[in-house]
Amino acid sequence: MPSDASPPKKRLLIRTWGCQMNVYDSARMADVLAPLGYAPTELPEEADMVILNTCHIREKASEKVFSDLGRLRGVKEEKAARGERMILAVAGCVAQAEGAEITARAPYVDIVLGPQTYHRLPEMVARVSRAAGAVIETDFPAEDKFDHLPETAAPSGPIAFLTVQEGCDKFCSFCVVPYTRGAEFSRPAAQVLAEARRLVAGGAREIALLGQNVNAYHGAGPDGREWGLGWLLREVAAIPGLARLRYTTSHPRDMDEDLIAAHGELPQLMPFLHLPVQSGSDRMLQAMNRGHKAADFHRVVEKLRAARPDIALSSDFIAGHPGESDADHAATLALIREVGFAQAFSFKYSARPGTPAAGAGPQVPEAVKDARLAEIQALLRDQQEAFNRSRAGAVMEVLCTGPARHPGQMAGRSPWLQPVHFDGPAQLAGQIVPVRITAGHPNSLAAEWLGGAAKAPPSHQEIRAA
Ligand code: 5AD
Ligand code: SF4
């Protein structure tokens, strides 16, 4: 910041938990509050407003909110004793699901707002500034928040997120998302493309399209037709200057032929896909209301590998869903062995109030869940290590994100999403650079920079013209 810039009037601290969608939402809340004079801070003591952007997906995630609130209460009271005001807001999925409980357990919270009401934040801030008492906004408003949010600010680095779809209509037995994020909704394609162009103009080299069910995308196209995600990806890939494209999170049921074909066509679409399967047992997949069998997942993987032979996969697994037997668990381990994952997330089943599985039986004892999760995680860890080790010696392009922790070292992302470290000058930040992998570690890759920056891959338009 130039030294003659006038100091910002107010400070805003946003803490974010959970998925990348929440990371995107936090950035949009900052955008909406910037015109009111709020500039970011990391320190609660200097914050005029603190927003906790929360996650309700598992019990552990929701509990963190209340412990954090307890700590912030002290800071708020100290500030009040000095005659300073701190507005405390709880946003995100815990706010949506437990709005009343938050104000009952933590009456010092000023604002509780659900994910569909972020565009109304300035009005809520004005209301708490005028009057005492908490403001709660957890309805699903009739208007679309995306029509009311300001344009995205420039991305903070070469990797940007862009929400294209929200909500979910799938109602998996264990999941709170259909209740906290509401019905499935796709943003119009023109709106998405305009935001993508702005992000690229602001320096983004890689964009990840986000949605709770991103491959269910069915937005209105500027040509009057409904676009699926495959078509949207082709059009985003055609934006000059955009080098890399990803999308997350997908459902196996929505991996249609057109989307799979896009993986074969688009060099910008990175050879890595997060595709949660949750279980390898057909009995459990049915109990989970997933709407597909293990064989369907295998078929999708086969097709993806045929379209893009270097594609690597990630997934989500749940250990100990109600009714899960030893045989069901064994089927999950078998699926993991058969498919082979470059990385994956696995969770102990956590009963979420209001979801069908919470009341289903029989619940699996905690110790059994722990043992099954440990087995799944050991297998996934081995696969991840083997994948990373298999990269040693490979030459690949890495998107350099900025300096690493060690002086003289830069950090970046491989096409397969691993963090990569290599010696190089700071000017490489934001560029795609060629490197040779010197070692594969459990969670990252070590590399040597081969000098220079790589040419961005050809755009879809260039490919079409060729
Ligand atoms: N218990 C455990 N894991 C869950 N997930 C969603 N709900 C639950 C729950 N109740 C996991 C799923 C999902 C990921 C985001 O979180 O694996 O894909
Ligand atoms: Fe939750 Fe299932 Fe929807 Fe994914 S598809 S958000 S797990 S309900």
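Residues numbered from 1 in each chain as written. Chains lettered and ligands numbered in written order. Predicted model: local features only at pLDDT ≥ 70, side-chain atom pairs only at ≥ 80, totals over all residues.

*Asks:* Can you walk me through the UniProt feature "domain: Radical SAM core" (unreviewed entry) in the protein in this structure?
*Replies:* Summarizing the sequence annotation, UniProt attributes the feature "domain: Radical SAM core" (unreviewed entry) to residues 154–386 in the numbering used throughout. In residues 154–386, the share of helix is 39% and the share of strand is 17%. The end C-alpha atoms are 38 Å apart. (UniProt positions renumbered as here; feature names shortened; annotations may be inferred. Helix = DSSP H or I, 4+ residues; strand = E, 2+ residues; numbered from the N terminus.)

*Asks:* Looking at this structure, how should I read the nonpolar core?
*Replies:* Soluble globular proteins: nonpolar side chains tend toward being buried together. With 127 residues, the main nonpolar core has Val-90, Leu-162, Ile-207 and Leu-233 as its most contacted residues. Leu-162 has contacts with Val-192, Glu-195, Ala-196, Leu-199, Ile-207, Leu-209 and Leu-210, leaving out every residue within four places of it along the chain. (Core = buried A, V, L, I, M, F, W, Y, C linked by C-beta atoms within 7 Å. Buried ≥ 20, exposed ≤ 12 C-beta atoms within 10 Å, placed from the backbone. Contact = placed C-beta atoms within 7 Å.)

*Asks:* Got a minute to help me understand the site of ligand 1 in this structure?
*Replies:* Taken together, the residues surrounding ligand 1 are Ile-57, Arg-58, Phe-174, Cys-175, Pro-276, Gln-278, Asp-316, Ile-318, Phe-347, Tyr-349, Ser-350 and Arg-352. Within the shell around ligand 1, the residues separate by chemical class into seven nonpolar, two polar and three charged. (Near = placed C-beta within 6 Å. Nonpolar A, V, L, I, M, F, W, Y, C, P; charged D, E, K, R; others polar.)

*Asks:* Quick question: what am I supposed to make of the sheet that holds strand S13 (residues 244–248) here?
*Replies:* Strand pairs in the sheet, formed through backbone hydrogen bonds, run parallel or antiparallel to each other. Taken together, the three strands give an open sheet; going across it, the order is S7-S10-S13, and neighbouring strands pair in parallel fashion. Single-partner strands in this sheet number two, and they are strand S7 (159–163) and S13. Geometrically, the sheet is characterised by an average inter-axis angle of 20 degrees between neighbouring strands, direction not taken into account. When S7 meets strand S10 (residues 206–210), the two strands line up parallel, connected through five bridges. Opposite Ile-159, over in S10, you have Glu-206 as the bridge partner. Along the sheet, helix H7 (residues 189–201) contacts S7 and S10; its crossing angle with S7, the most-contacted strand, is approximately 165 degrees. (Pairing = 2+ DSSP bridges. Axes fitted to C-alpha atoms, helices over the stretch in contact; angles between N-to-C directions.)

*Asks:* Is there a simple way to explain the pairing of strand S16 (residues 316–319) in this structure?
*Replies:* Two faces, one strand: in a regular strand the side chains alternate between the faces of the sheet. Judged from the four bridges that link them, S16 and strand S17 (residues 345–348) form a sheet pairing that is parallel. Directly across from Ile-318, in S17, lies its bridge partner Phe-347. Crossover S16 to S17 through helix H12 (residues 326–339) is right-handed. (Right-handed = clockwise from strand over helix to strand, strands pointing away.)

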